[in-house]
Structure formats: structure tokens, C-alpha cells
Amino acid sequence: MRAICQGDVFRYINEELRITQKDMCIIFNKVREGNMTETRISEIKQGRRKGYRGLKSAASLCYAEYFQQQDPDFMFSNLRRFLEREELCFPDFDKQEENFESYVLRFLEFGLDNCLCPRELEQEAPPSSVSSKAIEEMPLSVERDSSISLSDFEIQEYCEYPKAVFPEISLSPKANTASVSKSHYWEEREDLSSTEPRGADFTKDNPLGKKILDNRNCFFFTLGVIFLVFFLLHLKHQSTLDLFLYCLSLPTPVFFILNLFIATSPLYFGLVDTALAVIFYSKRNPNQEIKLKDIPYIAKYGDVHRVIPGMGRYDLSPRLICYSLGCNVLGAFSSMAFYIFLRSIPDFSNYVGNGDFVPMANISLAFNMFVTFVHSFFLFTREPMKHFNASEENPDTKKMDRLHVIANSFHMIFNMTFSSIGILLALVYGYMHVGEETLQLSPAFAIALVWVHAYLWFSSCSPFAVEFNAECAGSFIIIFPIVFVLSTLYAIMGFRPGVGTLMVHVVNFAVLLLWLLSFLKDRVRSVFPLMRMHRAYFLLYALLIFLFFLLAAHI
């Protein structure tokens, strides 16, 4: 057993009482200077950061807000079970004759006052070496954490397996005297460990090669799906270019409704996944009553009390749903804007139909299918979750057999393929008329640029992307210069000066300012650390573009 710390209290309030980290920040900020953040609370819960100082005085307020309205008998037994399950203790934690309020207050005061990480508390000390004499003989020059008093050391006699509260004090069994090491452990500073945080594409303990080998069947399945799609197209005597021209010929309302339905379909199928998760949970626990507030936990973690590996199916977090829908809808709007722009180009469909663009379109479809798989691969192979965390996605909900993942993959392939083929053909068409200055650029092209930039920024650099550690985080910073140069040259060289050309320059200049501001964000919330975490994603993306370019050039 070990002494409880601040992270244990946060974990109990968040996971057992179902209090969000945002609400916890609001309560604790009332008794301390400065602002607590959800990210820091999450890191403290996971034992990666030391706790906040000065929270001991928040025990009474915390009790009044979170415990006072609860059933005392149930909460008393629940708290004791939590301490027993996690092997935690505090002075007189096993005392029987004590009322609920006094017990909880002591639990909160001791836990909130202990800012150390669990790994520091779990360093064992020999029972014979722990004595009040050793503490009295400790040199006064020892720098101590103001959040831990020497009286806390008395916890040793209450634990079956004593743990040292002061990890840097080495007590000799023979001399029973304290030798003090460096005091930097007591300095509250940020953890600048070189280890990669959760969600990295690969780490020292989980290299990329091992991920690929462990999931090689997924690669073979993806290749099989790609070959199956092209085999069916061959049987129907169709090509990707024929499908593109068919979509382009659809009436505008039909194309818009179809696109929006595909973009929002992951939400509908996510609700079906939620229903399946509840059904599976009820079969495993036939006598367990399922309350409405338990459904989000069952859907994301597979259980209401713990994370069950492989059972999470869908995350009902409102912020995550807003982020996912926002990305999909913005992507749909960009393809709709390109649809309007392409239809405004004179004789565009006949030009495409008479040209030799079938290989390019087929390669574009295969490329987007494989990129979509790579995107999903890096999501479902992240480090498995072990504890509840509202601001972190459960990799189990991103597995390829989840219905909402299938729907989202279809949306990505459809929009990316339509937009990429449309962009490439529009560029070729425009550069074929360079110098003629006979065409007038439609304002729809500038509108399409707005939606493309909005999608790139929201999906990769917005606060939502940073909060949920998006796999494509930072892609806006990399892709914007390419879009800026191509669109500017396209508008200048292929079309006469006009309203459409002016709108393109205005949009690109405004987004350029936003792009520059991306480099001025606070480094803690910046997207650049996430780009480093997901460097394998970007390197693989660049490699695929190069390989498919070579393939297209030789066909």
C-alpha cells in the first residue's frame, strides 16, 4: 500500500463521482491563486506531473459540492472499496468508529495536501529505518516541499507495507540516520521528460515496426479492399473518372444532400455502436441496472467502473462529437464549393471526358483509400487506455470494425477523391489556357478556398485538435504554403483579372495572417509538439505522395 496523493483524489472524484475535470477546475480555483487546467489535472491523475500546491483548504468546499448530497452509507462503502482496490491508505484509514463527513474530510485533506507523484511515493523504505528519531536527526538544511509536513511521515505505521513519503531521504538501518540527496525532487517544475506522451505514432517501448507487424492483417485487408473495388469497377466497365463525372452531373440539391448525409453519417452509426455497446454490457452484467448517465461510460470504456480492453465502441463526449462533425461538415462544404466551381468552367465535362485522365483518377482513388487506412491505423494502435479520461480518445473506439469508423472512412474517401480529382483537372485545364486570358475566374473558386483553409485549420490547429491530440495536427501549417502558391499562380496565369481573382488574393492574404499567428501560440498549447509526436504520419503521407506520383508519371 502507499499513501494517497492529489492524483488519487482527482481520479476518485472524476471516475467514481462522475465529476468532469472542467467542473473540478471551477471548484478548486475558488481557493487558490491562478487557474487550474484540465490538461494538468489529467496529467496529475496519470501520475505524470506533481500536484498543485495549496489545495488542502479546498477539502471543505469539495465535500460540500461533491459528497454532502450523496448517500452516506453508499459513499462510505464506495470510498473504502476504492482505497482497497487501489491499495491506498492515509492515517487511520481503517478506523471503523467514525462518521462519514469526518472520514471524507480527512481523506480529502491528506490527499489534496500531498503533491507528490505515485512513483515517488512507491519507493519502499525498510520498516526498521522509519522512526521519529531519524526524522528528528534530519538536518535542518534539507529543502522540504511545503505541501508535505513531517507529520505525514507517520503514515508508515498505518500501512502493511511501508512506503517512504520522502523519496530522497535514504535511511540507514544500522545508524538510523538520514542522508540527504539532491533536493531538486522538491522543486515544482514542469516534467520535461524526453519520453513521448500518450498518442505518439511510435515510442521506444512501442516502435512503429512492431505496430505494423502486429497489425499486418489490417494492411492485407486494406489492399484486398482496394483490389476488390477496382475489380468491381472493371466488371462494370467503369472507372473512377466515370464516377467523378457522374457526381458532377448530379443536380445541385441532390449532390448537396448526399454530401451532407455522408458527412454526418458517422454520428448516426456512432449511436448504433453505442446501442451495441449497451447490449454487450447488459449481456455481461444481466443483473446490473443501466442508468442514463452510465451509457457514455459503457460506450467509450465498455464498463461503468473501469476500462475493458477492446470493448469501447463510440465516444459520446459533446466536444469530440462537435470536433468530428465540424471536420466532416467543413470537408463536405469544400467539396460542394469545388462542385459549383467546376460546373462554372466552360465545357469542363467534355474536356475531361475527351482527355486521357483515367489512370490519374484511379491512382487518386487508390491513394486516398490507403491514406484513410493509415489515418485510422495510427489512431487504433495508440497506447491502450487504463483509466477514465474525458479529454482523451479511447483507441478501441477507432478500430476498423466500428460502424462509425467505416462510415467516416467512406466520407473521407469520397470527399478527398472528388476534391483531389477536381483540383488536379482544374489546374490542368487552367494551365492549358495560360496566356490566353479569355477565361473569367468564378468567385466560387475563392469560396472553395475559404472552406479548404477552414477545414485544414479546424481539423489540425484548432483548440479541439490540440485537446484531442488529432493525428493530422499541424497539417495546416505544412499544406497551406502549397495551397497558397498553387492557387495564386492558378488565378494569375490562367484567368483574366476580375472579381474572382481579387477574391482569391484576399482570401489567401487573410489565411496567411492566420498561418503566421499559428507560430505565436503559447508553447504548452501549441500544435508543434503534436506534429513531432505524429511525424511518422507526415513522413508516410509524403512517401505515399511521391510513390503515387511516380506511378502516375509512368502510366
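Residues numbered from 1 in each chain as written. Predicted model: local features only at pLDDT ≥ 70, side-chain atom pairs only at ≥ 80, totals over all residues. Heavy atoms only, no water.

Student: Which residues make up the overall build of the protein, and what are the values?
Tutor: Looking only at helices and strands, the protein has 23 helices and four strands in total. The long-range share in the protein, meaning contacts at least 24 apart out of those at least 6 apart in sequence, stands at 76%. By element, 63% of the accessible surface of the protein is carried by carbon and sulfur atoms, the whole surface being about 27800 Å². (Helix = DSSP H or I, 4+ residues; strand = E, 2+ residues; numbered from the N terminus. Contact = heavy atoms within 4.5 Å. Areas by Shrake-Rupley, 256 points an atom, 1.4 Å probe, with all protein chains shown as cover.)

Student: Give me helix 21 (residues 499-517): which residues, what numbers.
Tutor: Counted at 1.5 Å a residue, the expected span for helix 21 with its 19 residues is 27 Å, and the 27 Å between its end C-alpha atoms agrees. Its buried side turned inward, helix 21 meets helix 18 (443-460) and helix 20 (475-494). (Expected span 1.5 Å × (residues − 1).)

Student: Before we move on, can you summarise the pattern of salt bridges with the specific residues and values?
Tutor: Inspection of the entire model under this criterion finds 12 salt bridges. Notably, a salt bridge pairs Glu-16 with Arg-85, separated by 2.9 Å at the nearest N-O pair. Of this pair, Glu-16 sits in helix 1 (residues 6-16) while Arg-85 is found in helix 5 (residues 72-86), placing the two residues 69 residues apart along the sequence. Relative accessible area serves as the criterion here: at 48%, Arg-85 is assigned to the partly exposed category. In this structure, Asp-396 and Lys-399 form a salt bridge, with 3.9 Å as the shortest nitrogen-oxygen distance. Asp-396 gets classed as buried once you look at its relative accessible area, which sits at 13%. (Salt bridge = Lys/Arg side-chain N within 4 Å of Asp/Glu carboxyl O. Buried < 20%, exposed > 50% of the residue type's maximum accessible area, 1.4 Å probe, protein only.)

Student: Kindly report on helix 1, identifying the contributing residues and their values.
Tutor: Taking burial as the measure, the 11 residues of helix 1 include 11 buried ones, the bulk of the element. The set of residues buried in helix 1 consists of Gln-6, Gly-7, Asp-8, Val-9, Phe-10, Arg-11, Tyr-12, Ile-13, Asn-14, Glu-15 and Glu-16. Positive backbone phi, approximately 60°, marks Arg-18, located one or two places after helix 1.

Student: Before we move on, can you summarise the confidence of the model for the protein with the specific residues and values?
Tutor: On average, residues of the protein score 75 in pLDDT, and 74% of them are at 70 or above. Predicted confidence in the protein is weakest over strand 4 (residues 178-180), with a mean pLDDT of 34, and strongest over helix 12 (residues 252-284), with 92. Residue range residues 124-197 is modelled with pLDDT below 50. Its contacts to residues more than four positions away, or to other chains, number 125 contacts. (pLDDT = per-residue confidence, 0-100.)

Student: Explain a nonpolar patch on the surface residue by residue, including any values.
Tutor: Judged by side-chain polarity, Tyr-431, Ile-482, Val-485, Leu-486, Leu-489, Ile-492 and Met-493 come together as a nonpolar surface patch covering roughly 590 Å² of accessible area. In terms of residue count, the dominant contributor to the nonpolar patch is helix 20 (six residues). A relative accessible area of 38% means that Leu-489 is categorised as partly exposed. (Patch = residues over 30% accessible without salt bridge, like charges linked within 9 Å, V, L, I, M, F, W, Y side chains within 5 Å.)

Student: Talk me through unusual backbone geometry; I want residue IDs and the actual numbers.
Tutor: Unlike most non-glycine residues, Arg-18 shows phi in positive territory, near 60°. Even without a glycine there, the phi angle at Glu-87 is positive, about 55°. Within the secondary structure layout, Glu-87 lies in the loop between helix 5 and strand 2 (88-89).

Student: Tell me about the side chain of Ser-239, and please be specific about residues and values.
Tutor: Tracing the backbone shows Ser-239 in the loop between helix 10 (216-235) and helix 11 (240-249). Overall, the relative accessible area of 8% leaves Ser-239 in the buried class. Every residue in contact with Ser-239, bar those within four places of it in the chain, is listed here: Leu-233, Val-358 and Asn-362.

Student: Run through the nonpolar core, naming residues and quoting values.
Tutor: Nonpolar side chains tend to gather and get buried jointly when the protein is soluble and globular. By size, the foremost hydrophobic cluster in this structure holds 49 residues, and its most contacted members are Phe-244, Phe-341, Phe-348, Leu-425 and Tyr-490. Residues within four places of Tyr-490 in sequence aside, it is in contact with Phe-341, Ile-345, Ala-426, Leu-427, Gly-430, Tyr-431, Leu-441, Phe-445 and Phe-495. Grouped together as the second largest cluster of nonpolar side chains are 40 residues, Tyr-12, Phe-90, Val-104 and Phe-110 included. (Core = buried A, V, L, I, M, F, W, Y, C linked by side-chain atoms within 4.5 Å.)

Student: So what about the environment of Gly-430? Which residues, and what values?
Tutor: By the secondary structure assignment, Gly-430 is in helix 17 (residues 403-432). Between the C-alpha atom of Gly-430 and that of Tyr-490, which follows or precedes it by 60 residues, the distance is 6.7 Å. Apart from residues no more than four positions distant in its own chain, Gly-430 is found in contact with Tyr-490 and Gly-494.

Student: Describe the packing of helix 4 (residues 59-67) against helix 6 (residues 100-113), with residues and values.
Tutor: Relative to each other, helix 4 and helix 6 sit at 125°, their axes nearing to 9 Å. Judged on the interaxial angle alone, helix 6 and helix 4 are oblique. In the crossing of helix 4 with helix 6, the sense of the turn from one axis to the other is right-handed. Residues Ala-59, Ser-60, Cys-62, Tyr-63 and Phe-67 of helix 4 form the contact with helix 6, whose own contacting residues are Phe-100, Glu-101, Val-104, Leu-105, Leu-108, Glu-109 and Leu-112. When grouped by side-chain class, the residues that make up the contact of helix 4 with helix 6 number nine nonpolar, one polar and two charged. (Axes fitted to C-alpha atoms, helices over the stretch in contact; angles between N-to-C directions. Parallel < 35°, antiparallel > 145°, perpendicular 65-115°, else oblique. Left-handed = near helix turned anticlockwise from the far one by under 90°. Nonpolar A, V, L, I, M, F, W, Y, C, P; charged D, E, K, R; others polar.)

Student: So what's going on with the environment of Phe-484? Residues and values would help.
Tutor: Mapped onto the elements, Phe-484 comes out in helix 20. Spatially, the C-alpha atoms of Phe-484 and His-505 are 9.2 Å apart, while their sequence positions differ by 21 residues.

Student: Tell me about the packing of aromatic side chains, and please be specific about residues and values.
Tutor: With the rule as written, the count across this model stands at 27 aromatic pairs. Between Tyr-12 and Phe-107 the ring centres are 5.9 Å apart and the planes differ by 75°, which places this aromatic pair in the edge-to-face class. In this pair, Tyr-12 is assigned in helix 1 and Phe-107 in helix 6, connecting sequence segments 95 residues apart. Seen in terms of ring centroids, Phe-370 and Phe-373 are 6.1 Å apart; in terms of plane orientation they differ by 50°. Their pairing is tilted. Within this pair, Phe-370 and its partner Phe-373 are both found in helix 16 (residues 358-380), separated by three residues, close to a single helical turn. Of the two residues examined, Phe-370 and Phe-373, each falls in the buried class. (Phe/Tyr/Trp six-rings, centres within 6.5 Å; stacked < 30°, edge-to-face > 60°.)

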